[in-house]
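# Observations on the model geometry
Next come the chains, spelled out residue by residue.
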Amino acid sequence: MRNFLTCAALLAVAPAAFAQPQNAPPTVAIAAVTARGNAGPDLASDMSDEVQIKVAQLVGARFIVLGTVGTKGRSYVVSLRALDSSSAQVAFSESLKVGSDEQVDAGAKQLARRMEEKLLGPAVGGSPPASASGDVLGDFDPALVKDSAQDVARSLAQRFPKLTGTLVNALPNGTASCSFASGQPFKGEFFEISGRDEVTEQETRKGYFLLSAWSKNGCSGRVKREPGGVIEDGDTLTSLPLKIGVEAVAPGPGAQPELATLLASELRAALDSMPQFQVANDAQLTATGRVSGPRGRRSVDLQVIDKGGNVLQKVSVPASF
């Protein structure tokens, strides 16, 4: 459901950016349509552009600005549009995705800067451009942050490939030894046990295996049988999606807390889309790290640790946001 952005969020960047020459009234109006009675916000937001343009003309504004916030999955989409009251044309229209409700204000301000530069150019009357404001929010492109998060997730996925192994000796007490021809599993990793069913003669799932110890010479763990499952030596072990959590990414030199927060949110979504991972609270693994560097030349440094605090993998990915 959509809600209109507040005037404060839209005008915080450059309060006088849309002013006429000295002593002239402002030339921008912020439109807010409020639902009353049984009408919902979506219905209120469907008022036509013609009505909005008339409002701008009545108050003597050259442009009228409308903003909306909507949801998309676990994220928010912030949109900003400016109508030219003199020509009834859309003068500016952009949207961006932010990772959480705490990022909505920052996203609105970033769109406001883009709108200012689009309608008035990078500088107004010799004043510094909006991007040179003391408010550093928006010193990154959210779309590029999402792309970089996906790059990091792919890099981690390559370091945690799907593994297959073999049960060497399954004992009656629920323990078993195993072997892996390639790859390096870790303590606490879960595997599905599958093999040929003696009755149906088809490949079937028989249970699960929790790895307790691994070395190049062999491995061992505990077996949990499915009801009716008969686990035998030689059955196949196939790794299950890894439950992973993402701690708050720390902002390093040149990066803002808002950027680090958005990156962590996008990284969670990117990891959850990979078949090797499942983002969960009861995680087997935890990814933590930091983002640093100036805009356009940043890097994301991440490490993955297990429940015992052991570092299993490290990645460093260059970022263009």
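Residues numbered from 1 in each chain as written. Predicted model: local features only at pLDDT ≥ 70, side-chain atom pairs only at ≥ 80, totals over all residues. Heavy atoms only, no water.

## Thoughts on the nonpolar core
Our working definition: Residues belong to a common nonpolar core when they are buried Ala, Val, Leu, Ile, Met, Phe, Trp, Tyr or Cys residues joined through side-chain atoms within 4.5 Å. Note on classification: 1.4 Å probe, protein chains only; a residue is buried when its accessible area is under 20% of the maximum for its type, exposed when over 50%, partly exposed between these limits. Secondary structure counts use DSSP, requiring at least four H or I residues in a row for a helix and at least two E residues in a row for a strand, with both numbered from the N terminus.
Of all hydrophobic cores here, the largest spans 34 residues; its most connected members are V152, L156, L271, F277, V291 and F321. Counting residues per element, the ones that place at least two in this core are α5 (142-159), β12 (242-246), α6 (257-272), β15 (285-292), β16 (298-306) and β17 (311-319). Looking at this core element by element, the count peaks at eight residues for α6. Within the second largest apolar cluster, 14 residues are counted, among which are F63, V104, A108 and L111.

## Quick notes on the layout of surface pockets
Just so we agree on the cut-off: Only protein atoms enter the calculation, which uses a 1 Å grid: trapped sets of points that fit a 1.4 Å probe without letting it out are cavities, open sets showing protein on both sides within 12 Å along at least five of seven lines are pockets, and any residue with an atom within 4 Å of a point is a lining residue. Grid points are joined across faces, edges and corners, and a volume is the space filled by probe spheres set on the points. Note on residue classes: Ala, Val, Leu, Ile, Met, Phe, Trp, Tyr, Cys and Pro are nonpolar, Asp, Glu, Lys and Arg are charged, and everything else, Gly too, is polar.
Put simply, the largest pocket is a space of about 380 Å³. Together, 22 residues line the largest pocket, and F160, Q184, P185, F186 and E189 are the ones closest to its centre. If you list the elements that add at least two residues to the lining of the largest pocket, you get β9 (203-215) and β17. By volume, the second largest pocket is sized at about 320 Å³. Along its surface, the second largest pocket is lined by 14 residues, and K187, G188, F190, Q284 and K307 are the ones closest to its centre. Broken down by class, the residue content of the lining of the second largest pocket amounts to four nonpolar, five polar and five charged.

## With respect to the packing of α5 against α6
Here is the rule: Between N-to-C directions, angles cover 0 to 180 degrees, with each direction set by a line fitted to C-alpha atoms, over the stretch in contact for helices. Each angle gets one of four labels, with under 35 degrees taken as roughly parallel, over 145 as roughly antiparallel, 65 to 115 as roughly perpendicular, and the rest as oblique. Each helix crossing is assigned a hand: it is left-handed if the near helix lies turned anticlockwise from the far helix by less than a right angle, otherwise right-handed if that turn is clockwise. In what follows, residue pairs with any heavy atoms lying within 4.5 Å of each other are defined as contacts.
At a closest axis distance of 8 Å, the pairing of α5 and α6 adopts a crossing angle of 50 degrees. Between α5 and α6, the angle is such that the two are oblique. Crossing of α5 over α6 shows right-handed handedness. On the side of α5, the interface is formed by P142, V145, K146, A149, Q150, V152, A153 and L156, while α6 contributes L259, L262, L263, E266, L267, A270 and L271. Within the contact of α5 with α6, the residues separate by chemical class into 12 nonpolar, one polar and two charged.

## Thoughts on the state of the cysteines
Spelled out, the test is: Cysteine sulfur pairs qualify as disulfides if the two atoms are within 2.5 Å.
Summed over all chains, the structure comprises one disulfide. In this model, C178 is linked to C219 through a disulfide, with the two sulfur atoms separated by 2.0 Å. Taken together, the positions of C178 in strand β7 (residues 175-179) and C219 in strand β10 (residues 218-225) put the pair 41 residues apart, joining distant regions of the chain. With respect to class, C178 is no different from C219; both count as buried.

## A short note on the pairing of β10
Selection rule: At least two bridges found by DSSP between two strands is the condition for calling them paired.
In this structure, β7 lies alongside β10, joined through four bridges in antiparallel fashion. The partner of A176 across the bridge, within β10, is G221. From the end of β9 to the start of β10, which pair antiparallel, there are two residues.

## Structural notes on the side chain of K206
With respect to the element layout, K206 can be found in strand β9. According to the relative accessible area criterion, K206 is buried, its value standing at 4%. Those residues in contact with K206 that sit more than four places away from it in its chain are I193, S194, G195, R196, R225, E226, G229, V230, I231, E232 and D235.

## A word on α5
The condition is simple: Between the first and last residue of a helix there are one fewer steps than residues, each counted as 1.5 Å, and that sum is the expected span. In protein, a polar contact requires one atom able to donate a hydrogen and another able to accept it; more generally it is a pair of N or O atoms within 3.5 Å, and residues adjacent in sequence count only if both atoms are side-chain atoms.
Helix length check: α5, at 18 residues, gives a terminal C-alpha distance of 26 Å against a target of 26 Å (1.5 Å per residue), a fit within 8%. Contact partners of the buried residues in α5: β5 (89-98), α4 (104-120), α6, β14 (277-279), β16 and β17. The N-cap residue of α5 is D141: its side-chain oxygen and the backbone nitrogen of A143 are 2.9 Å apart.

## Some thoughts on the sheet that holds strand β6 (residues 164-170)
Reading around the barrel, the six strands line up as β6-β7-β10-β9-β8-β11 and close back on themselves, with antiparallel pairing between neighbours. Going across the sheet, the axis of each strand differs from the next one's by a mean of 40 degrees, ignoring polarity. Two strands pair when backbone bridges link them, and strand β8 (residues 190-196) and strand β11 (residues 236-239) are joined in this way by four bridges, in the antiparallel orientation. Paired with E192 across the bridge in β11 is T238.

## Comments concerning the pattern of salt bridges
Spelled out, the test is: We count a salt bridge whenever a side-chain nitrogen from Lys or Arg sits within 4 Å of a carboxyl oxygen from Asp or Glu.
Applying the stated criterion to the full structure yields nine salt bridges. Of the charged contacts in the structure, one is a salt bridge between R205 and E226, with a shortest N-O distance of 2.9 Å. You can see R205 sitting in strand β9 and its partner E226 sitting in the loop between β10 and β11, a full 21 residues away along the chain. Accessibility expressed as a relative area gives 45% for R205, which makes it partly exposed. The partly exposed category is assigned to E226, whose relative accessible area is 22%. Among the ionic pairs, E232 bridges to K206, the shortest N-O distance being 3.4 Å. Here E232, found in the loop between β10 and β11, pairs with K206, found in strand β9; they are 26 residues apart in sequence, far enough to count as distant. Accessibility expressed as a relative area gives 29% for E232, which makes it partly exposed.

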